[in-house]
Amino acid sequence: MKKYILILIILGVTLSSSFAQEEEADPVYAFNSGILIDAQTSYIPDARTLEFIIQHKFGSLENGKSDLWGIYAPGSNVRLALNYVPLKNVQIGAGITKKFMYTDFNAKWKVLQQKTSGMPISFTLFGNVAIDGRNSESIGTGKTVDTKGQTFANYIDFNDRLSYFSQALVTRNFGDVFSLQAGASFTHYNMAGWDYNHDVVGLHFSGKLKFSPQGSFIFNYDKPLKINDITEQYTWDTHAKENLSVGVEFFTFTHAFQIYVGTAQGILPQDMMMYNQNDWTNKGLAIGFTITRIWMF
């Protein structure tokens, strides 16, 4: 009996020591902002922190200096958003986007936090729901023709306006210089055009390479996958193209400023995974910037 008690005491001391070491390990943060270009990251500010986000994309670069490399060009897009952290590692937010007049509501949960010892990665879950705010005539085919040849405006139910995006992210910081993130996502639109799928599965990669204490080179790559088992189409003609963006980031304690060049005109992730038709070879590049500002309460 004494032997078993001794074993339990030794086991308890060992476990207590292990947990103590885990608690003493410091968290490791791979990114300075919750958004990298137009992708989510594992970063969530401290509890009771409010974050304001501005994301802007100009028009295409294809006309060069005639429209100041897209600054005066049509086709710009902008998103304004607020995020709040009610609990440690849990964030909720909402935003509005110019394209399709989206209103989105989102949530992010960091399940695992990378630490200096014990935990080698961060694991994060993100999801959102977006509401297409356009008038009914602008959604879907716009008009319907009945058997008598008469046309009338489409009736769009509220559920037809909804789209969803869910994502799992694995992040690792390699020393003080390089951070890398990989993720997988699922996109669903309740209503899609006759030549589009309702569902898209995607892969995502983001990274940061520091060149100074406050400056970094950044990149983001999104790949919508072609999966025959879930497609509703005979061809892949309308399948979204990859989104590739590269840029630089400058960070202070409360601000992050990123300027980049990329291919996707959309800002919401489900929009990019469903509709992006730009790429590096068809003059689809555009300049964009992302600004985040946080306040602690």
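Before going into details, it helps to say that this report is about the structure given with it. Quantities reported herein were computed from a predicted structural model and do not represent experimental measurements.

Conventions we followed
Residues numbered from 1 in each chain as written. Predicted model: local features only at pLDDT ≥ 70, side-chain atom pairs only at ≥ 80, totals over all residues. Heavy atoms only, no water. Phe/Tyr/Trp six-rings, centres within 6.5 Å; stacked < 30°, edge-to-face > 60°. Buried < 20%, exposed > 50% of the residue type's maximum accessible area, 1.4 Å probe, protein only. Helix = DSSP H or I, 4+ residues; strand = E, 2+ residues; numbered from the N terminus. Polar contact = N/O pair within 3.5 Å; in protein donor to acceptor, adjacent residues only side chain to side chain. Contact = heavy atoms within 4.5 Å.

Further remarks concern the packing of aromatic side chains. Evaluated as defined, the whole model comprises eleven aromatic pairs. For the pair phenylalanine 174 and phenylalanine 178, a centre-to-centre distance of 5.9 Å together with 25° between the ring planes defines the contact as stacked. Relative accessible area serves as the criterion here: at 41%, phenylalanine 174 is assigned to the partly exposed category. Given a relative accessible area of 29%, phenylalanine 178 falls into the partly exposed group. Ring centres 5.5 Å apart and planes at 80° place the aromatic pair tyrosine 189 and tyrosine 275 in the edge-to-face group. Of the two residues, tyrosine 189 sits in strand 11 (residues 178-189) while tyrosine 275 sits in helix 2 (residues 269-275), which places them 86 residues apart along the sequence. A relative accessible area of 6% places tyrosine 189 in the buried class.

Locating serine 163 in the fold gives a position in strand 10 (residues 162-174). Taking the relative accessible area as the measure of exposure, serine 163 reaches 1% and is therefore buried. At 3.2 Å, the side chain of serine 163 and the side chain of glutamine 270 are in polar contact. Non-local contacts of serine 163, meaning those with residues more than four positions away in its chain, are made with Tyr102, Asn128, Val129, Ala130, His188, Tyr189 and Gln270.

It is worth spelling out the environment of glutamine 214 at this point. Topologically, glutamine 214 is positioned in the loop between strand 12 (199-210) and strand 13 (215-224). When the C-alpha atoms of glutamine 214 and phenylalanine 253 are compared, they prove to be 9.6 Å apart, with 39 residues separating the residues in sequence. The contact partners of glutamine 214, leaving out residues within four places of it in the chain, are Glu249, Phe250, Phe251 and Thr252.

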